[in-house]
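# Secondary and tertiary structure notes
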Amino acid sequence: MIFKVLELPIPSRHFLGCSKSVDRSWLASGAFYLACWLTASAQQNECPPQEHPDERPRPCLWRTDFSRNNGGFRFLDWLIAGCSLTDNGCNKLPSDRHVEYEGFDGWYNNMAIPNLGAVDTPLQRLLPTAYSDGVYQPVKRKVNPLQASQQLMSGTNGLYSKAARTAFSVYFGQQVVEEILDAQGRECPPEYFNINIEPGHKYRKDRPYLEHLPFHRTRYDKTSGLSPNNPRQQLNEITPYLDGGLVYGTSKGWADVLRYNADGKLAPGGKLASHSELGKNFPAENAQALPMANPPAPTNHSQYKEQGFTAPVDRFFKLGNPRGNENPFLLTFGILWFRWHNLFAEYFQFKHGKSWSDDRIFNEARKWVIATYQSVVLYDWLPKYMRAEPAEYKGYNPTINPQVSHVFQSAAMRFGHTLVTSGGYLRTENSVGCQPAATFRLSASEYSRRITGVRTCNSFWRSPEFFMKNPRNFDWFLMGLSSQSSEMEDNIIVEDLRGSVFGPLEFSRRDLMALNIQRGRDHGLPDYNTARKHFGLSTLKSLEVEEYKRVTGTEVNDDVLRKLKSLYEDPSQLDIWPGGLLETTKGPGQLFSKIILDQFERTRDGDRYWFENKKNDAFTDEERSRIRQVKIIDIILSITNLVAGEDIQEDPFTAVHPDNDIGENCQRALNVTVNCTLINGSSTTCKYLQQLWDENTETCTEVDTYDYFSGSEVSFVLSFGLVILVCAGLRAYVIIKAKRMKSIKAVKDSERVSFDELSHKAKERISYMESRDVIVKFDSDLKRIEVLSMKGELLRTVDFTNVEVLIRHSALFMRMVHQVSNHYDLFLMFQDEFYASKYKMGLDSFFERIGLVPNYRQEPKEKLRLHFTTVYDREKKLDEFSRVVLSNAFDVSSSEGKTVFPEEDDVLFIKITKTELAHQLGMLPDCLFVKQMFSIMDKNKDGFITLQEFWNVMVVFAKGSQTEKAELLFQLCDVSQTGSISSDDFASILRSTLSADGGNQDLSKVTRKILKFFGAGEGQPINFEQFKRFFGQDNYILENMGINFESKVERKASTFSLYKKQCPKNFTQEGREENLSVNPVIDMVYGISNQLRSKEQYYFWKSLYTLVMIGIFIERAYYYLVEQEHGGLRRVASVGVTFTRGAASAMMFTYSTLLITMCRNLLSKLRSTALHRFFPFDDMVSFHRYVGTWALFWTLMHVVGHAINFYHISTQTPIDLVCLFRDFFRRSHILPKFHYWCWETITGITGVFLTVQTAIIYAFAFKMRRHFFMWFWITHNTYPIFYFLLILHGCGRLVQEPFFLYFFIGPCIAFWFDKLVSMSRSKIKFDVLSAVHLPSNVILLKIRRPANFSYKSGQWVRIASLGISEYEYHPFTLSSSPHEKDLTVHIRAVGPWTYKIKSVYPDKSQMQDDDNYQQIYIDGPFGGSHEMWWNFETVVFVAGGIGVTPFSSILKEIAHKLKGSKSLLNTKKVFFLWITRSEKQFEWMSEILKKVEEVDSNNIIDIHIFITQFKSKYDLRTIVLYLAEQHFQRLSGTSLFTGLRAITHFGRPDFELVFKSIQDNCNAKVIGVFTCGAPALSEAVDQACHNLNRQRTFTCFKHYYEKF
């Protein structure tokens, strides 16, 4: 109230120094305020007045009211508007002129050389280079930088400045350097120039015992370093101008981000964004993740190791200087300039309101910030730092290069390192005692020790923490640093820099002084003497102490100079950094002073936007004059509440002294008095707070290291084990699924089996790992146990005639091993005790009935499981038995009658049962033929055959006469044992081998006809003489008669003829040797020639494709091995990256090519054009498999290569990985472990998915297609996902630009057009007219043929049934001919879908008249290789089973054409070979063949049917059938079995003999062989063609096949 009454102005609180120490009740009286007002008035009266409006006002004139409303912004009123502070108010508006604003990146600052001084341009080289090779190799000097640092720059720290410097000046200098210079970027790829750590150094003798200090060479201009005339030039990553880069960044994009708040909103009024928590006085947090420098804080090293990542970059304040958060002292100045900009922005907004846009305000504020910054640096800070004034400004000179010089960057600017303190103070205001504020502990050690201030080494990269804990720390840092002395100007560097400066995780504490020396060598700096000479200084003649002191005038201790002499010995070897540092007096020595002043003068004079340049029209003359007078204190007072002369001295760069004083409380707090010399040379007394040093601050944390692969071990193993696990899991799934299906089927079968009292359900163990469900029956009459499958099929018998029996069993008889002499063990396991006891009772009853007393012996389960004779053990003995007998019987060397039996007793005494004989013969034990054969061999009738008995019969086959063989055969046919063969005996033998009635003939009628031919009357038997006459002219059959024992002995060489019914002389070895050449080289040439001729198109394009593919691999591999050597990735990953990149390109090529091979419509269309003569369209399926195999090979190489690559990559430092993967963004706090690359990157995760998907697709494609077709179909139809992942995989840009699309686009377009064609017609519904269920589970579908549906014989379609699924298509060959009205397909039910077809389309006999079949979709037709048969003069069709369908279409067409013509134009001869198990399997085909035979009057078509259920026609088992067939053909002209004129053969054909016969009887140069059937059939035919093509003949077999 007193002020209101007296109408006195209320004084600012800044003059109330006692206000917080008095009693508040007294304050209430108002007396105290009056006293303080009087004091303040007195102080104001002492402040010198402003004599001229353009004269800088003292802070005491304008800093009395901090309010920014109405009378606010007083300093800016003077600075910008030119208002006199003596006026009560300022009505002047700031200039509204539009000017050219300075850019951010330095471009076009110099209009003549636009990139002069731009970002990422080379440093200026003032000195000649000294690269060891003259081009780029670092300078080689013998002195170890660590040793130089230790001996020349160590010593006691905590000393005070001799030149009145403050810590404020030192850290201000750091931000000045970072405004014009940033050449710390590491070269990419990483170039290491490591420093060896010598024994005895603390880094090596203490944990973690490091041997090398990592050092990265600096980034350089890639157009340099190519020759001695163009040596390597390092880059300055920012501009060399004082253009506000540390406030706004060096790009427009960076500056824009600084204006956005954390919530993404633009800061209003042209201001920089403010912090969301701390408010408008602090820069915003880095929510947008600007790529600011983010090395790991050394004090948190153990935490980072444990958690596996460092601190995120968004914790930092958002500044223009990427390194602005390095330490809290540097960050303090960053906040200062942030506030300074926003003050300008507020001022302009206040003065201009909405007439100026936010951008205009921002740019205008930026212009003024830059100008005032230039003035403060050049005319306020630099003279005091250098103790010398810069030269007078004479205007902008475009011929001056402002770029920072190498010697400034690598040596001179580092003079400030000797001034850096071990820590910094936070000090309170004068009004509260001016005491050091609360201390921050940054390490966990030494809690008992009293510490002061903030330790420099422990504050690295933790700067925001100080301001987040207490925003007032900003003011306190300003006051603390201005009250603290810099380190003494000498050669001593504090431990915080010399040994404990921050480093990477693998070397958390480094020696910055050693790095300084190494940096000079990296940049090719010459020696110290060369530098002095260049700058006009006298050079050293030696390194003697006196010489050094005389020339340089140094004040450094003589002991240090003597160490310098012992280290370097010669001035020509002395590095510039230690040499210049040892020149230090009260400031930089002679050399560094010249370098630093030269740099700042060039920076100023070469800047077109320098505020004093009158030609840029940025400011008026009056504005330039006022800017020139701005001091740092003006800025501090404008943006804080501090009071000059009270809280902080008017010149914070200079220590407190009588002419630069502060408040009384601070006078007392600054209790250290030091004699110092001011810039003008006068001596005075400087006052400081106690200096911070090792003894009164916390200790720097110790150096530590880090293994970057740690934490990757588990993920590495698991990730690459994933594919194996998937494959193994898939395999296990298939096995389990198959067993489950088998078990379900067995249960269903068992449900259909009727059990009686003599039947028992059990599980038989047939090997140590295999078992099966069985039914066991006791047959007392035959004295045997029968083991049947769940279907009721007989699996084995155990005969108990004349044997000894041992029953080994477990407790409760749950497991029983039946050991019967001359049998392998019967091992039965039972479900529970009930079944076991039931079986035991039945077994005892069985033994009782047959009069056998077995021995029982109980044994442990494991012994039973591991000790029993399996079927495989028995088969080994039987194989040996057969081998011995047959090798002796058929060995030509034994023809003299000398038999050689083995000496082993176990073979000599082996006895085989009738069941085992039947197994050897491939027949059933109850077969009449087996019974007869066994009866003949078993001379002693004991129920077993011995080795001798078996031998006696076999020798007849091998060496017996025709009569002896005929007698043996007669005995076999004499079933009734009467010495003659009746018609019933003969019919029984025929039935036992035929297993069915023959063809359309009555077997008994056939038998009577044959016996009549023997000369026997009706119902009369025949004797041996009549039987022998039966062979007549077929005596050669007896000569060749034998018995096939499953290839136990090599078969006799023979030939085969399709033309000769009798060819005895062809059954000799000579027939096989007639074409053999005596010259193997010629044979090889002919063989290769014929092989190439057989598939010349296919081999040509296959070879060309392979060469192109390998070329693609080699090109990429070479590129990364040689051309990309500078990329660095190969150096890290060795040859792994070479193979993976080459394999990746080959994968792109192969996977893209696969799409072309699947363009069915396109290929079918092209096949019908002339292009089929040049391209192997018929082999596209094979080509698809070939390409797919290569794709899998490259995939495996790629995956295995990446297993190696990513191991190496996971061991690399994060900063190196930035270089190696330049196009890949990664947050700076992430320590990329293997699981990061594999699971957290688009390239890695898609790579895993692709690998797994590839494994699944190929698993079902290679091995499981036939059994799991649905899964094959599903997995193959995931190809869109596969290709989508391939595209994403490359989009990660991990190593290279994605170029998979270059391979993919063309095939993709062709494929999708092809799919569109299929989709356009595959959705047309076709009516099924009828369905007929034929034998052998074959369904005939008759489909209405649309009018526009045209096709060729041999083509195929894809069918989907609406009754099953309209999306599931399956391929089938059209069995109808193009001339037929409707379409027909024959479908064999062998899988789930085809069995559904059988149920969805019942036989037409079961359909009602008004019933309709489900409609179908048809996609096609598609061309197949079989439609090209008419290109050959001689054609061979080979059909196996249901594979006869394409040939039915072709044969129908042939029959149709033969009706109107006697020839087939180009085709002269057609051979049709049909291999079928039984002539009854495909009776519908027989009807087609009959029609063909009827119209084939010229015998163009030669049909041969091979019935595989019989053995060879000369085998003892089928010789009677063959004789019957021969005589039936003679009598009726048709086959006994098929009713066709076609020749019927027994057993599987020997295709090589068949084709050789065709070759001998046809004079065709090229024979086309077309096969359709099971893979084994196609492979056998292909092998036969291959073998014949290798022979020296002029005939070439071209094989085309379709497999199912």
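From a predicted model like this one, the values you see are computed outputs, not experimental measurements.

Rules and cut-offs
- Numbering of residues starts from 1 in each chain and follows the order in which that chain's sequence is written.
- Where local features are concerned, this predicted model is filtered to residues with pLDDT of at least 70; where side-chain atom pairs are given and counted, the filter is 80 or more; whole-chain, interface and lining totals use all residues.
- Neither water nor hydrogens contribute to the side-chain values; these are computed over all heavy atoms in the structure.
- Here a Phe, Tyr or Trp ring, Trp counted by its six-membered ring, pairs with any other such ring whose centre lies within 6.5 Å, and the pair is stacked when the planes are under 30 degrees apart, edge-to-face when over 60, and tilted otherwise.
- Only protein chains enter the calculation, and the probe is 1.4 Å; a residue is then buried if its accessible area is under 20% of its type maximum, exposed if over 50%, and partly exposed in between.
- Each helix is a run of DSSP H or I of at least 4 residues and each strand a run of E of at least 2, with the numbering of both proceeding from the N terminus.
- The predictor attaches a confidence to each residue, called pLDDT, with possible values from 0 through 100.
- The criterion used for residue contact is that any of the two residues' heavy atoms lie within 4.5 Å.
- Disulfide assignment relies on a single distance test, namely cysteine sulfur atoms paired within 2.5 Å.
- Exposure above 30% relative accessible area and the lack of any salt bridge qualify a residue for a patch; like charges then connect within 9 Å, and the nonpolar side chains Val, Leu, Ile, Met, Phe, Trp and Tyr within 5 Å.
- Surface accessibility in these figures is a Shrake-Rupley result with a 1.4 Å probe; residues are shielded only by whichever protein chains are displayed.
- Salt bridges, as used here, are contacts in which a Lys or Arg side-chain nitrogen is within 4 Å of a carboxyl oxygen on Asp or Glu.
- Note: the arc covers the axis-to-C-beta directions of the helix.
- In the analysis that follows, any N or O atom pair within 3.5 Å is treated as a polar contact, provided that within protein one partner can donate a hydrogen and the other can accept it, and provided that, for residues neighboring in sequence, both atoms belong to side chains.
- Axes here refer to lines fitted to C-alpha atoms; in helices the fit is confined to the stretch in contact. Angles between the N-to-C directions go from 0 to 180 degrees.
- It is the rotation of the near helix from the far one that decides the hand of a crossing: anticlockwise by less than a right angle makes it left-handed, clockwise makes it right-handed.
- Three classes are used: nonpolar for Ala, Val, Leu, Ile, Met, Phe, Trp, Tyr, Cys and Pro, charged for Asp, Glu, Lys and Arg, and polar for all others, with Gly counted as polar.
- Buried residues of nine kinds, namely Ala, Val, Leu, Ile, Met, Phe, Trp, Tyr and Cys, make up a nonpolar core once their side-chain atoms join them within 4.5 Å.
- Strands were regarded as paired on the criterion that DSSP finds at least two bridges between them.

Another point: the packing of aromatic side chains. Across all of its chains, the model carries 85 aromatic pairs by this definition. Relative to tyrosine 708, the ring of tyrosine 706 has its centre 5.1 Å away and its plane inclined at 85°; by these criteria the two rings are edge-to-face. For tyrosine 706, a relative accessible area of 7% gives the class buried. Measuring from ring centre to ring centre gives 6.5 Å for tyrosine 1279 and tryptophan 1312, while their planes differ by 40°; the resulting arrangement is tilted. Placement of tyrosine 1279 in helix H51 (residues 1279-1291) and of tryptophan 1312 in helix H52 (residues 1300-1322) is noted, with a sequence separation of 33 residues between them. Classification of tyrosine 1279 by relative accessible area gives buried; the value is 18%. Linked through ring pairs, Tyr1105, Phe1113, Phe1139, Phe1149, Phe1183, Tyr1186, Trp1190, Phe1193, Trp1194, Phe1299, Tyr1302 and Phe1303 together constitute an aromatic cluster.

Glancing now at the confidence of the model for the protein chain. On average, residues of the protein chain carry a pLDDT of 81, and 80% of them reach 70 or more. Counting interchain partners and residues more than four positions distant, the pLDDT-below-50 stretch residues 65-72 has 13 contacts.

To continue, consider the state of the cysteines. When the sulfur atoms of two cysteines share a covalent bond, that bond is a disulfide. Enumeration over the complete set of coordinates arrives at 3 disulfides. What pairs with cysteine 434 in a disulfide is cysteine 666, and their sulfur atoms sit 1.9 Å apart. One quick way to see it: the torsion about the S-S bond of cysteine 434 and cysteine 666 is about 105°, and its sign makes the bridge right-handed. Here the residue cysteine 434 occupies a position in the loop between strand S7 (423-424) and strand S8 (454-455), and cysteine 666 occupies one in helix H26 (residues 664-669), the gap between them amounting to 232 residues. The burial state of cysteine 434 is the same as that of cysteine 666; both residues are buried. A disulfide bridge connects cysteine 676 with cysteine 686, and the sulfur atoms are separated by 1.7 Å. Its torsion about the S-S bond being 75°, the disulfide of cysteine 676 and cysteine 686 is classed as right-handed. Pair noted here: cysteine 676 is in strand S11 (residues 672-677) and cysteine 686 is in strand S12 (residues 683-688), with a separation of 10 residues, a long-range link. The buried category is assigned to cysteine 676, whose relative accessible area is 1%. Of the residues examined, cysteine 686 reaches a relative accessible area of 0% and is grouped as buried.

Another point: a nonpolar patch on the surface. A grouping of Ile1114, Tyr1118, Leu1121, Val1122, Val1135 and Phe1139 is seen on the molecular surface, where their side chains present a nonpolar patch of about 520 Å² in accessible area. Per-element tally for the nonpolar patch: the top contributor is helix H42 (residues 1096-1123), with 4 residues. By the element assignment, valine 1135 lies in the loop between helix H43 (1129-1133) and helix H44 (1136-1157). Looking at valine 1135, the relative accessible area reads 41%, which means it is partly exposed.

A separate point is helix H6 (residues 145-152). Three- or four-residue spacings in an α-helix give side chains the same orientation, since the helix completes a turn every 3.6 residues. Turning to H6, its buried residues are Pro145, Leu146, Ala148, Ser149 and Leu152. The arc that holds every buried residue of H6, seen down its axis, measures 165°, which confines them to one face. The N-cap residue of H6 is asparagine 144: its side-chain oxygen and the backbone nitrogen of leucine 146 are 2.8 Å apart.

The next subject is the packing of helix H12 (residues 328-352) against helix H17 (residues 473-482). The geometry of H12 relative to H17 is characterised by a closest axis approach of 10 Å and an angle of 115° between their N-to-C directions. Once H12 is placed against H17, the crossing between them reads as left-handed. Residues Pro328, Phe329, Thr332, Ile335, Leu336 and Arg339 of H12 pack against Phe474, Asp475, Phe477, Leu478 and Leu481 of H17. Looking at the contact of H12 with H17 residue by residue, the classes come out as 8 nonpolar, 1 polar and 2 charged.

Taken together, the buried positions of helix H53 (residues 1392-1400) are Trp1393, Thr1394 and Ile1397. Considered in projection along H53, the buried side chains sweep an arc of 95° and stay on one side of the axis. In this structure, H53 carries Pro1392 and Ser1399 as exposed residues pointing more than 90 degrees from its buried face. On its buried side, H53 packs onto strand S23 (1338-1343), strand S24 (1356-1361), strand S25 (1370-1373) and strand S26 (1383-1388).

If you look at the biggest cluster of nonpolar residues, it comprises 173 residues, and the most contacted ones within it are Leu79 and Trp340. Residue contributions to this core peak at 15 residues, all from helix H13 (residues 358-386). By size, the runner-up hydrophobic cluster in this structure holds 35 residues, among which are Met1148, Leu1154, Tyr1186 and Phe1311.

In spatial order, the strands read S22-S23-S26; together these 3 strands make up an open sheet with antiparallel pairing. Across the chains shown, the open sheet's two edge strands, defined by having one partner strand only, are strand S22 (1328-1334) and S26. Across the sheet, the mean angle from the axis of one strand to that of its neighbour is 20°, orientation sign disregarded. Direction of pairing for S22 relative to S23: antiparallel, over a ladder of 6 bridges. Counted as the bridge partner of valine 1328 is isoleucine 1343 from S23.

To continue, consider the pattern of salt bridges. Oppositely charged side chains may form a pair once their charged atoms are brought near each other. One pass over the structure, following the stated rule, counts 53 salt bridges. Ionic pairing is found between glutamate 547 and arginine 550, a salt bridge with its closest N-O pair at 3.0 Å. Of this pair, glutamate 547 and arginine 550 both sit in helix H20 (residues 545-552), 3 residues apart, which is roughly one turn of that helix. A relative accessible area of 57% means that arginine 550 is categorised as exposed. If you follow the salt bridges from partner to partner, you end up with Glu191, Arg217, Arg232, Arg519 and Asp522 in one network.

This part takes up the environment of glycine 249. Note that glycine 249 resides in the loop between helix H9 (245-248) and helix H10 (252-258). Judged by relative accessible area, which is 3%, glycine 249 ranks as buried. Remark: the alpha-carbon pair of glycine 249 and asparagine 321, spanning 72 residues in sequence, is separated by 6.0 Å. Sequence-distant contacts of glycine 249, that is, excluding residues within four places in its chain, are made with Phe104, Gly244, Trp254 and Gly320.

Here we take up the pairing of strand S15 (residues 784-788). Extensive coverage of S15 is indicated by the burial of 5 of its 5 residues. In this sheet, S15 lies alongside strand S14 (residues 771-779) in antiparallel orientation, the contact comprising 5 bridges. In the strand pairing of S15, phenylalanine 778 is matched with isoleucine 785. The antiparallel hairpin formed by S14 and S15 contains 4 residues in its connecting segment, where lysine 783 sits at a positive phi of about 55°. Connecting the antiparallel pair S15 and strand S16 (residues 794-799) is a turn made up of 5 residues, with glycine 792 showing a positive phi of about 95°.

Turning to the pairing of strand S31 (residues 1543-1546), a few remarks are in order. Neither face of S31 is open: one carries Ile1543 and His1545, the other Thr1544 and Phe1546, and all of them are buried. For strand S30 (residues 1501-1507) and S31, the ladder comprises 4 bridges, and the chain directions are parallel. By the bridge assignment, histidine 1504 is partnered in S31 with isoleucine 1543.

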